[in-house]
Structure formats: C-alpha cells, structure tokens
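Listed here are the chains, written in short residue letters.
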Amino acid sequence: MNQGDLVPIPFVFEQPCPIRDVLDRIGDQWSLLILEVLAHGTMRFSEIERAIGDISKQMLSKTLRRLEEDGFVRRTLYPEVPPRVEYELTDLGRSFLVPMKNLIAWANANHRAICEARDEYGAKGAGR
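Residues numbered from 1 in each chain as written. Predicted model: local features only at pLDDT ≥ 70, side-chain atom pairs only at ≥ 80, totals over all residues. Heavy atoms only, no water.

**With respect to the overall build of the chain**
Threshold: Helix and strand definitions follow DSSP, with helices as H or I runs of at least four residues and strands as E runs of at least two, each counted in order from the N terminus. Summary of the burial criterion: residues with accessible area below 20% of their type's maximum are buried, those above 50% are exposed, and those between are partly exposed, where the area comes from a 1.4 Å probe applied to protein chains only. Any two residues whose heavy atoms approach within 4.5 Å at even a single point are treated as in contact. Note on areas: these come from Shrake-Rupley sampling with a 1.4 Å probe, and a residue is covered only by the protein chains present in the view.
Of regular secondary structure, the chain possesses six helices and three strands. What you see in the chain, going N to C, is helices and strands ordered as α-α-β-α-α-β-β-α-α. Evaluated residue by residue, the chain yields a buried proportion of 21% over its 128 residues. Here the analysis covers contacts within the chain between residues at least 6 apart in sequence; of these, 46% occur between residues at least 24 apart. With the model as given, the accessible surface of the chain reaches about 9,700 Å², and the carbon-plus-sulfur share is 56%.

What follows is the structure, encoded as structure tokens:
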C-alpha cells in the first residue's frame, strides 16, 4: 500500500447525537446556575459557592471541572501563597448565555402552567 492509498479515519464522537450529548452535560442540576453566576464576571470558587448557596463544595468542584472540560469555563491558577484560582466563561460559555437566558425566561413564564399540569395529572391518578 502506498502512502497515497491511506484513508484518513474520521473523528468519532462519543455520543452520536449532539443534542443529547450537550443537554446531558449542561442539563444537570447545577451547570446552568454556575454559568448564570459566571455571566457576571470572573469569580473565585468561594464566591461562586456563596452566590449559589445550597451547593456542596464537592458538587461545585465536580461541575466546574466538567464545564471546564467541555470548554464553557476557564480555570486560572495564580502561583501565589496561598494559591488563587479564578473561574470565568470562555467565548463558548459566553455564546451559550443567549439561548440559556431564553430557556430561563421560558421556564419562568411557564412554571405555573407546568406545576398546574402536574397537579392535574396527579389528581387523575397517574397509576391508572
């Protein structure tokens, strides 16, 4: 086989469905809240934790790591004593703010109707 005969191997995505892949990552309990908090600017871990309130340090750390892995968040470590770590949105993270804010607005506008539908469904006897 000549070098010219080699066929490049296409990139294979872990998850073939881009919608499911992205929504699985950002649709968890904490990611949208963290992204919304970081929309206000660069913050330290403790500032993010205070802004959210009811998130554990372990869950905040795990979620920040996943958001960094996916390219939404940039973590910067400053070599000081004690070390200072800051988090900020990347360009990708900032580009997600518009659809995220639309989703938040839709959820706020429709939350009552969703709750009422759940109550109505429960009253019908969901176990049928």
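**A few points about the pairing of strand S3 (residues 84-89)**
This is how it is decided: Whether two strands pair comes down to DSSP finding at least two bridges between them.
In terms of strand pairing, strand S1 (residues 43-44) meets S3 through two bridges, oriented antiparallel. Residue pairing in the sheet places Met 43 in a bridge with Tyr 87 of S3. Here strand S2 (residues 73-78) pairs with S3 via six bridges, running antiparallel. Bridging from a neighbouring strand, Tyr 78 pairs with Arg 84 of S3. Here S2 folds back onto S3 in antiparallel fashion, the turn holding five residues.

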